[in-house]
Structure formats: structure tokens, C-alpha cells
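Descriptive analysis of the structure
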Amino acid sequence: MSTITAPTPAIGPLDASSKRARSGFGLRRRILLIFTLGALVLSALLAFLTYGFARSSVVQEHDRTAVDATRRNAITAAGALAGPSAERAIERVTGSGADRPLIWYNDRWWPGAARYDGEAVPDDLRGRVVDDGVASRMIVEVGSEPNLLVGYPIDATTSYFEFFSLGDV
């Protein structure tokens, strides 16, 4: 009995082309992909943080400007208050550039603009400014527009309020 043996191929190291075909991504491609994804995540994070800081800075500057303008306009209004009416004070303040003034004088609201009257002032802000005599501010909605409402006490019975639109901020 004779046996026939078929030649067996030699098992040896695989060549480079068959390795690349099996693995799909080489080391260079994986490193490039990791660096690209890292750069993308880092740039998205920096863009988000920059946006947050810029927005915060704009809002703080708008708030600071509104408080300073309200203080100046309250002093202007205080100089024009006389008699039973605050009309003269409203005219003087709107003449100096205030768009939406509101004055609490002689237990009555004196608005400088139609939609911005005493109904738009929340009770807790009114209490802090009129009753407690503390300058305060609050974000309120008038219609569908957000506004920064700043109140400034002039004396024990008089307070000045002004609305500043936050639509552009």
C-alpha cells in the first residue's frame, strides 16, 4: 500500500498587503482619526465657552447701563416733581432720552408709554422699591417682549421705574 501525499503550502509570515486588507484601518489612519476627532471636540468646546462668556458679558453690560440710566433719570425726574401731577417729570425724562419711564407719585402710576404702566410692575418689585425704599431690578414680560425693569426710590412716597428691552440681547 502506498500513500500519496499532497504537497502542503508553506505557512509563513503574511505579507503587508494581506494585513492591510484584513485590518481595514492602519495605525496611521487610526491616529489621524483620533487627532481629528479630538480637534473637533476641542473646537466645539471652545466655541461653546466663548459664546457663553460673550453672552454673559453683553447681558452684564446691558444691566449695568440700565441701572446707571435709571439712576440718572430718577434724579432728573425728582427735580421736576411738583404739585399733584408727575406729567412734567415724565416730559423731562422722555426729553432726556428715556423711552419707557414710569413714576409712582402721590399713590398713583404715571406712565410715559402706553403699554408700560403699573400693571406691568410685579407686586414684589413694587414692594421692594416703593415700600422698602431699595433700588431693585427684575426681568418682566410686557406683551411677548422680555424687559429689564429697574426701580429706583426717590423719596418715601415717590419711586421711578424704567423698562429696557432685552429683545436685542
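Our subject is the structure listed above.
The following paragraphs examine the structure supplied in this document. (Residues numbered from 1 in each chain as written. Predicted model: local features only at pLDDT ≥ 70, side-chain atom pairs only at ≥ 80, totals over all residues. Heavy atoms only, no water.)

1. Details of the sheet that holds strand S3 (residues 136–142)
Sheet strands line up and pair through hydrogen bonds in the backbone, either parallel or antiparallel. An order of S2-S1-S5-S4-S3 is seen for the five strands of this open sheet, with the pairing classed as antiparallel. Among the strands making up the open sheet, the edge pair consists of strand S2 (108–111) and S3. Between one strand axis and the next, the sheet turns by 25 degrees as a mean value, whatever way the strands run. For S3 and strand S4 (residues 145–153), the ladder comprises seven bridges, and the chain directions are antiparallel. (Pairing = 2+ DSSP bridges. Helix = DSSP H or I, 4+ residues; strand = E, 2+ residues; numbered from the N terminus. Axes fitted to C-alpha atoms, helices over the stretch in contact; angles between N-to-C directions.)

2. Some details on the environment of Arg-92
Tracing the backbone through its elements, the reader meets Arg-92 in helix H3 (residues 87–95). Classification of Arg-92 as partly exposed rests on a relative accessible area of 39%. In this structure the C-alpha to C-alpha distance between Arg-92 and Asn-73, which are 19 residues apart in sequence, comes to 9.0 Å. In contact with Arg-92, not counting residues within four places along its chain, are Thr-76, Gly-79 and Ala-80. (Buried < 20%, exposed > 50% of the residue type's maximum accessible area, 1.4 Å probe, protein only. Contact = heavy atoms within 4.5 Å.)

3. Things to note about the packing of aromatic side chains
One pass over the full model with this rule turns up three aromatic pairs. Arranged with centres 5.0 Å apart and planes meeting at 65 degrees, the rings of Trp-104 and Trp-109 form a pair that is edge-to-face. Take Trp-104: its relative accessible area is 9%, and that puts it in the buried class. Overall, the relative accessible area of 18% leaves Trp-109 in the buried class. Ring centres of Trp-109 and Phe-161 lie 5.3 Å apart, and the angle between their planes is 65 degrees; on these two criteria the pair is classed as edge-to-face. On the criterion of sequence distance, the pair formed by Trp-109 in strand S2 and Phe-161 in strand S5 (residues 159–165) is long-range, its members being 52 residues apart. (Phe/Tyr/Trp six-rings, centres within 6.5 Å; stacked < 30°, edge-to-face > 60°.)

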